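Chain by chain, the residues run as shown.
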Amino acid sequence: MEEKAKIVLDGKTYEFPVETGTENEKAIDISKFRAQTSYVMLDNGFGNTGACKSAITFLDGEKGILRYRGIPIEQIAEKSTFVETAYLLINGQLPTDAQLASFASSFTEHAALLPDMLNFFKAYPKDGHPMGLLSSMVCSLSGYHPELLKPDLSEEEIQLMAAKLLSKVRTITAYTYKKSIGEDFVPPRDDLKYISNFLHMMFSTKDKEYDRHDAVVNALEALLILHADHEQNCSTSTVRLIGSSWANLFASVSGGVSALWGPLHGGANQKVVEMLEEIQAAGGDIHKFIEKAKDPDDNYRLMGFGHRVYKNFDPRATIIKKRCHDLFETLGIQDPLLDIAVKLEAAVLKDDYFSERRLYPNVDFYSGLIYKAIGIPTKMFPVLFAIGRMPGWIAHWKEMKADPRSRIGRPRQIYVGLNERDYVPRDQR
Ligand code: CMC
């Protein structure tokens, strides 16, 4: 028998269908709720609202499970590459050798920036935050490709846009860095793979090729994979919401970059390292900072802790913590910030305030220390998150476009402002 949910309002009973996902997740379908009852559902922060059905990523925050297209994140991080993961997320299946080779070669083809686009770097302030430039340049791709702005794109055209985004985002990031340190741009090389090419553009100079250590390539590969998708998070929901108006993929993803920038989301990796530096500068007393985060009259938060969905542990954080220790050991790096991070984590895990609220280290807690060890400046950490999240944004935009049930996103509200009143002429106020 079809499961129904009953809701009683003003003495009248209404029935709504119950939907069950492939992992047995339950939802009440309230799409006809307002039409039938004239009420709306109020859900600040959308903590209880399912905005779509999606077949891309499954996560269970209670059990610490994360799977891309059904495959556990632990296996993907161990065995796959970022490019293969991007293919999996965007196209639904692991690629064959031929599919992977053609997908990877499209990145080589689209890695360079049009000469006109180089003017963006000249115009943007040298010390401006790189996320502002990334968001603008991603959106500006729409200006260079007017033929890709129509709402009814073919599969080939979507793949082309995906290749341009995934490939150019690396070049934009590396050139932003070069501009910030006053060095010449280093163009992409056709013979290098995705991560190596990025490191080459970042750290080679016109006189000296960057010496890529396998441990660095592998650590960055794992980090990008772990960031590649996370279902309906703030930036991905933003991409879907923008795309729901039939805005093009470049414009939608540009909005995703802006949403990701915030310190409660992808900007947290930058804030974690700044927080650890602040603790170090203050003499290393972690308890002072823990007490500040617990003070109800202070809105200070420990960055890198807590998650809307994960309530036991973040499986990405577990992998990243291990990768961080491995990288430091392999490269023989001693970073006092790592010692502070380890102490802070241990103290937080023992503290009732954090355990009662189920606040654990999240993906951003150790990732910044890896970026720092690689030589990426702190301000660029959220950009690295954006490169990683690109496949997820593209996959969700594509899924939304293909879903016949998709409608323009348009939440309701409860108005709590003034009741009707007359306009008062300026000389009588
Ligand atoms: N430090 C101290 N207290 C915290 C923290 C924190 N990091 N996070 C949440 N709380 C407290 C919060 O003050 C509230 O306490 P009370 O119930 O007494 O008012 C309670 O925990 C619940 O917090 P919330 O803000 O209602 O939780 P949320 O689900 O809306 O927010 C969050 C999730 C990730 C925004 C939040 O935990 C946070 O601000 N963390 C720090 C920033 C951070 O690390 N963000 C990266 C998230 S993972 C990457 C990504 O996918 O975006």
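Every value quoted in this text rests on a predicted model; they were computed, and no experiment measured them. (Residues numbered from 1 in each chain as written. Predicted model: local features only at pLDDT ≥ 70, side-chain atom pairs only at ≥ 80, totals over all residues. Heavy atoms only, no water.)

Participant: When you look at the overall build of the protein in this model, what are you seeing that I'm missing?
Facilitator: From N to C terminus, the protein includes 18 helices and 6 strands. Whereas a compact globule of 429 residues would reach a radius of gyration of roughly 22 Å, the protein reaches 23 Å, a difference of no more than 12%. On the principal axes, the C-alpha backbone points of the protein span a range of 75 × 70 × 55 Å. By residue count, 47% of the 429 residues in the protein fall in the buried class. The long-range fraction of contacts in the protein, counting pairs at least 24 apart against all pairs at least 6 apart in sequence, stands at 70%. Where the 52 positive side-chain charges of the protein centre and where its 57 negative ones centre are 3 Å apart. (Helix = DSSP H or I, 4+ residues; strand = E, 2+ residues; numbered from the N terminus. Rg over C-alpha atoms; globule rule 2.2 N^0.38 Å. Buried < 20%, exposed > 50% of the residue type's maximum accessible area, 1.4 Å probe, protein only. Contact = heavy atoms within 4.5 Å. Lys, Arg positive; Asp, Glu negative; His and termini not counted. Charge placed at Lys NZ, Arg CZ, Asp CG, Glu CD.)

Participant: What am I meant to see in helix α12 (residues 268–281) here?
Facilitator: Here α12 contains 14 residues, and its C-alpha end-to-end distance of 19 Å stays within 8% of the 20 Å for a straight helix at 1.5 Å per residue. For α12, the set of buried residues is A268, N269, Q270, V272, V273, M275, L276 and I279. Tucked inside the fold, the buried residues of α12 contact α13 (286–294), α15 (336–350), α17 (364–374) and α18 (381–402). At the C-terminal side of α12, G283 shows a positive phi close to 95°. (Expected span 1.5 Å × (residues − 1).)

Participant: Just checking my understanding: could you explain the packing of helix α8 (residues 194–203) against helix α9 (residues 214–227) for this structure?
Facilitator: Helix-helix packing is described using two parameters, namely the angle between the two axes and the distance between the axes. Interaxial distance between α8 and α9 falls to 10 Å at its minimum, and their mutual angle equals 110°. Judged by the inter-axis angle, α8 sits roughly perpendicular to α9. Here α8 runs over α9; the crossing is right-handed. Judged by residue contacts, Y194, I195, S196, F198 and L199 of α8 engage V216, V217, L220, E221 and L224 from α9. (Axes fitted to C-alpha atoms, helices over the stretch in contact; angles between N-to-C directions. Parallel < 35°, antiparallel > 145°, perpendicular 65-115°, else oblique. Left-handed = near helix turned anticlockwise from the far one by under 90°.)

Participant: What is the right way to read a nonpolar patch on the surface from this model?
Facilitator: A contiguous nonpolar patch, built from I28, I30 and M41 and spanning about 250 Å² of accessible area, is present on the exposed surface. Mapped onto the secondary structure, I30 falls in the loop between β3 (26–28) and α1 (33–37). The class of I30 is partly exposed, set by a relative accessible area of 33%. (Patch = residues over 30% accessible without salt bridge, like charges linked within 9 Å, V, L, I, M, F, W, Y side chains within 5 Å. Areas by Shrake-Rupley, 256 points an atom, 1.4 Å probe, with all protein chains shown as cover. Salt bridge = Lys/Arg side-chain N within 4 Å of Asp/Glu carboxyl O.)

Participant: How should I be thinking about the site of the ligand in this particular structure?
Facilitator: Neighbouring the ligand are 20 residues, the closest being H265, R301, L302, G304 and R308. One of the side-chain N or O atoms of R308 is found 2.8 Å from an oxygen atom in the ligand. Here R357 contributes a side-chain N or O atom positioned 3.0 Å from an oxygen atom of the ligand. Contact with the protein chains removes 74% of the 940 Å² of surface that the ligand exposes when unbound. Along the lines of polarity and charge, the residues of the shell around the ligand split into 11 nonpolar, 5 polar and 4 charged. (Near = heavy atom within 4 Å. Polar contact = N/O pair within 3.5 Å; in protein donor to acceptor, adjacent residues only side chain to side chain. Nonpolar A, V, L, I, M, F, W, Y, C, P; charged D, E, K, R; others polar.)

Participant: Looking at this model, I keep getting lost on the pattern of salt bridges. Mind explaining?
Facilitator: A full pass over the atoms with the stated rule returns 23 salt bridges. With its nearest N and O atoms 2.9 Å apart, the salt bridge here joins K322 to D326. One end of the pair is K322 and the other is D326, both in helix α14 (residues 315–331) and 4 residues apart, which spans about a single turn. Within this structure, R189, D191, E209 and R212 form a network of salt bridges that share partners.

Participant: What am I meant to see in the domain arrangement of the protein here?
Facilitator: Once the domains are mapped, the protein shows domain 1 (4–65), domain 2 (72–260 + 380–402) and domain 3 (268–374). Each of domain 1 and domain 3 was reduced to a C-alpha centroid, and the two centroids are 34 Å apart. Contact with domain 1, which involves 10 residues of that partner, is made by 8 residues of domain 3. Summing both partners gives a buried area of about 620 Å² for domain 1 against domain 3, and 48% of it is carried by carbon and sulfur. It is G61, E62 and G64 in domain 1 that bury the most area against domain 3; as a group they hold 61% of the surface buried on that side. Linking domain 1 with domain 3 are 1 salt bridge, by the criterion used here. With its nearest N and O atoms 2.8 Å apart, the salt bridge here joins R358 to E62. Run the count over domain 1 and domain 3 and you get 4 residue pairs in polar contact (both at pLDDT 80 or more). (Domains from an automatic or database assignment. Buried area = accessible area lost by both parts, 1.4 Å probe.)

Participant: I would appreciate a short explanation of the sheet that holds strand β1 (residues 4–9) in the present structure.
Facilitator: To summarise the sheet geometry, strands pair through backbone hydrogen bonds and adopt either a parallel or an antiparallel arrangement. With antiparallel pairing, 3 strands are arranged side by side in an open sheet as β1-β2-β3. Looking at which strands have only one partner, the edges of the open sheet turn out to be β1 and β3. The mean angle between the axes of side-by-side strands here comes to 30°, regardless of whether they run parallel or antiparallel. Judged from the 3 bridges that link them, strand β2 (residues 12–20) and β3 form a sheet pairing that is antiparallel. What sits directly across from E19, in β3, is A27. (Pairing = 2+ DSSP bridges.)

Participant: When you look at the sheet that holds strand β4 (residues 57–60) in this model, what are you seeing that I'm missing?
Facilitator: Taken in spatial order, the 3 strands of this open sheet run β4-β5-β6, and their pairing is antiparallel. What marks the edges here is a single partner per strand, and that holds for β4 and β6 (71–72). Sheet topology note: the β4/strand β5 (residues 65–68) ladder contains 4 bridges and is antiparallel. Bridging from a neighbouring strand, T57 pairs with Y68 of β5.

Participant: Help me understand the packing of helix α6 (residues 130–144) against helix α7 (residues 155–180), please; the structure alone is not making it clear to me.
Facilitator: Taken N-terminus to C-terminus, the directions of α6 and α7 make an angle of 140°; their axes are 10 Å apart at the nearest point. Here α6 is positioned oblique relative to α7, judged by the angle of their axes. Along this stretch, α6 crosses α7, giving a crossing that reads as right-handed. For the pair formed by α6 and α7, the contact residues are P130, L133, L134, M137, V138 and L141 on the first element and L165, K168, V169, I172, T173 and T176 on the second. In terms of residue class, the contact of α6 with α7 is made up of 9 nonpolar, 2 polar and 1 charged.

Participant: Got a minute to help me understand the pairing of β1 in this structure?
Facilitator: In this structure, β1 lies alongside β2, joined through 6 bridges in antiparallel fashion. The residue bridging A5 from the neighbouring strand is F16, located in β2. The turn linking β1 back onto β2 is made up of 2 residues, and D10 within it adopts a positive phi angle of 50°.

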